[in-house]
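Here's the letter readout for the chains.
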Amino acid sequence: METEAQTEIHSAADIVTARQRGRTLALQLGFNGAEVTLIAAAISEVARNIVDHAKKGEIVMSSVMSSATSNSGSGRRGIQIIARDEGPGIPDVAQAMQYGYSTRRGLGVGLPGAKWLMDEFDIDSRLGRGTTVTMKKWLPYK
Amino acid sequence: MQVPILKQGGYLIASIQSVLSDADLLQLRDSLGDRVGEFRSRGVIIDVTVLDVIDSFATRMLRAIAHMLKLRGAETVIVGIQPDVAFAMVQLGLTLEGVGTALDLEEGLAYLDTKTKRIPADGN
Ligand SMILES: Nc1ncnc2c1ncn2[C@@H]1O[C@H](COP(=O)(O)OP(=O)(O)O)[C@@H](O)[C@H]1O
Ligand SMILES: [Mg+2]
């Protein structure tokens, strides 16, 4: 079973590739159809942000296990998606996370939307250095 | 991958065949704009049954296509949004505001029939 997938994001076509790989991994991990689509949608948004705002970057997806520090409880299996770029960075992350805020006449829905779709969402951005978004979604307890 | 556009009566039907890249969506917009003029179509159906995800970009494009076609005198209806896809759109806070939607092709045709019905000038 493949538990890690890395996708270089350079163009819009790579967004489709990342989404499909995420879908495959999520299915293998045991997520149901509706959850797989939510994960694919979140991947689509963060991948698109790389293309739109940073030009290039990568998406790494893997299987994870929650730790004791997770507010979702420890020992849960899930999927982790990391979207990383070395683009311009975000001057005001709190503002960028607001629904409807866009610096490029986008819908401004990508970041807040991806956060809603996933269980955990973390964004680390440094001006002139780049942006890393880390998101996780847990499987229900067996 | 190009989206085939079929002419059916006074309408055009664009059936999206696979996951679309941004370029495909832009191209779909341009060719629908041209065809509506060429065939003097009053209505357009965009069938998205096979789309695995409708993200914010796709939503923005579909809205833009519908609004542009409206300015060209044609009504647009999006058909075939799958339940999981619709659920993800709701979670993302995406709406197709101002764009017609219908369950499937048949419902889409019925929708266009009502929308494009000519009302007689004298009221009869
Ligand atoms: N990877 C990134 N690098 C630089 N800026 C970003 C990145 N992702 C998001 N942003 C900034 O955050 C804003 C909000 O992002 P988002 O909610 O996805 O809306 P949109 O992409 O439609 O503008 C963007 O307009 C952009 O300014
Ligand atoms: Mg975005």
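Predicted model only: the values in this text are computed from it and were never measured.

The rules we used
Residues numbered from 1 in each chain as written. Chains lettered and ligands numbered in written order. Predicted model: local features only at pLDDT ≥ 70, side-chain atom pairs only at ≥ 80, totals over all residues. Heavy atoms only, no water. Pairing = 2+ DSSP bridges. Helix = DSSP H or I, 4+ residues; strand = E, 2+ residues; numbered from the N terminus. Axes fitted to C-alpha atoms, helices over the stretch in contact; angles between N-to-C directions. Contact = heavy atoms within 4.5 Å. Near = heavy atom within 4 Å. Polar contact = N/O pair within 3.5 Å; in protein donor to acceptor, adjacent residues only side chain to side chain. Buried area = accessible area lost by both parts, 1.4 Å probe. Salt bridge = Lys/Arg side-chain N within 4 Å of Asp/Glu carboxyl O. Nonpolar A, V, L, I, M, F, W, Y, C, P; charged D, E, K, R; others polar. Buried < 20%, exposed > 50% of the residue type's maximum accessible area, 1.4 Å probe, protein only. Core = buried A, V, L, I, M, F, W, Y, C linked by side-chain atoms within 4.5 Å. Right-handed = clockwise from strand over helix to strand, strands pointing away.

Participant: Before we move on, could you go through the sheet that holds strand 2 (residues 11-15) of chain B and cite the residues and values that matter?
Facilitator: Residues and elements named next belong to chain B. Within the open sheet, the five strands sit side by side as 1-2-3-4-5. Their pairing is mixed. Of all strands in the sheet, those with a lone pairing partner are strand 1 (5-8) and strand 5 (100-102), marking the two edges. Neighbour to neighbour, the strand axes of the sheet diverge by 25 degrees on average, direction disregarded. The sheet contact formed by strand 3 (residues 43-47) and strand 4 (residues 75-79) spans five bridges and is parallel. Residue pairing in the sheet places Ile-46 in a bridge with Ile-78 of strand 4. Where helix 2 (residues 56-71) meets the sheet, it contacts strand 3 and strand 4, and its direction lies at approximately 150 degrees from that of strand 4. The strands that helix 4 (residues 105-116) touches are strand 1, strand 2, strand 3, strand 4 and strand 5; relative to strand 4, the one it contacts most, it runs at about 160 degrees.

Participant: Give a description of the site of ligand 1 that names residues and reports values.
Facilitator: Residues and elements named next belong to chain A. Taken together, 17 residues sit near ligand 1, with Asn-49, His-53, Asp-85, Ser-102 and Thr-103 positioned nearest. Contact between ligand 1 and Asp-85: a nitrogen atom at 2.9 Å from a side-chain N or O atom of the residue. For ligand 1, an oxygen atom lies 3.3 Å from a polar atom in the backbone of Gly-110. Elements that contribute at least two residues to the shell around ligand 1 include exactly helix 2 (33-54) and helix 4 (110-117). With three residues, the top contributor of residues to the shell around ligand 1 is helix 4.

Participant: Describe the interface of chain A and chain B, naming the residues involved and giving the relevant values.
Facilitator: Between chain A and chain B, the residue contacts involve 23 residues of the former and 19 residues of the latter. Between chain A and chain B lies a buried interface of about 1,900 Å² when both sides are counted; carbon and sulfur atoms form 58% of it. Put simply, chain A and chain B have three salt bridges between them. With its nearest N and O atoms 3.2 Å apart, the salt bridge here joins Arg-48 of chain A to Asp-55 of chain B. Along the contact surface separating chain A from chain B lie seven residue pairs in polar contact (both at pLDDT 80 or more). Those elements that place two or more of their residues in the side of chain A that touches chain B are helix 1 (12-29), helix 2 and helix 4 of chain A. Here the element with the most residues in the side of chain A that touches chain B is helix 2 of chain A; it accounts for nine residues. The residue inventory of the side of chain A that touches chain B, partitioned by class, reads twelve nonpolar, six polar and five charged.

Participant: How would you sum up unusual backbone geometry? Please name residues and give values.
Facilitator: Residue Arg-105 of chain A is not a glycine yet carries a positive backbone phi of 55 degrees. Summarising the element assignment, Arg-105 of chain A is placed in the loop between helix 3 (93-96) and helix 4. Taking the relative accessible area as the measure of exposure, Arg-105 of chain A reaches 77% and is therefore exposed. Of note in this structure, Arg-40 of chain B is not a glycine but carries a positive phi near 50 degrees. Mapped onto the fold, Arg-40 of chain B is located in the loop between helix 1 (22-39) and strand 3. Take Arg-40 of chain B: its relative accessible area is 70%, and that puts it in the exposed class.

Participant: Can you break down the side chain of Asp-85 of chain A residue by residue, with the values?
Facilitator: Residues and elements named next belong to chain A. If you trace the backbone, Asp-85 turns up in strand 3 (residues 77-85). Within polar-contact distance, the side chain of Asp-85 engages the backbone nitrogen of Gly-87 at 2.8 Å. Those residues in contact with Asp-85 that lie beyond four places of it in its chain are Ile-50, Ala-54, Lys-56, Gly-57, Arg-129, Gly-130 and Thr-131.

Participant: Describe the nonpolar core, with residues and values.
Facilitator: Core analysis: the biggest nonpolar cluster contains 68 residues, and Ile-59, Ile-81 and Met-135 of chain A together with Leu-28, Leu-32 and Ile-46 of chain B have the highest contact counts within it. Among the elements that line this core, the one with the most residues is helix 2 of chain A, at ten residues. Among all residues touching Ile-59 of chain A, those that are not within four sequence positions of it are Ala-5, Gln-6, Thr-7, Ile-9, Ile-43, Val-46, Ala-47, Ile-50, Ile-81, Ile-82 and Ala-83 of chain A. Listed in part, the seven residues of the second largest apolar core include Tyr-11, Val-77, Ala-102 and Leu-112 of chain B.

Participant: Which residues make up the pairing of strand 3 of chain B, and what values go with them?
Facilitator: Residues and elements named next belong to chain B. The buried count for strand 3 comes to five of five residues, which makes it a mostly enclosed element. Residues Gly-43, Ile-45 and Asp-47 point to one face of strand 3 and Val-44 and Ile-46 to the other, with burial holding for every one of them. Sheet topology places strand 2 next to strand 3; five bridges connect them, and they run parallel. Following the sheet pairing, Ser-15 is matched in strand 3 by Asp-47. Handedness of the crossover joining strand 2 and strand 3 through helix 1: right-handed. Handedness of the crossover joining strand 3 and strand 4 through helix 2: right-handed.

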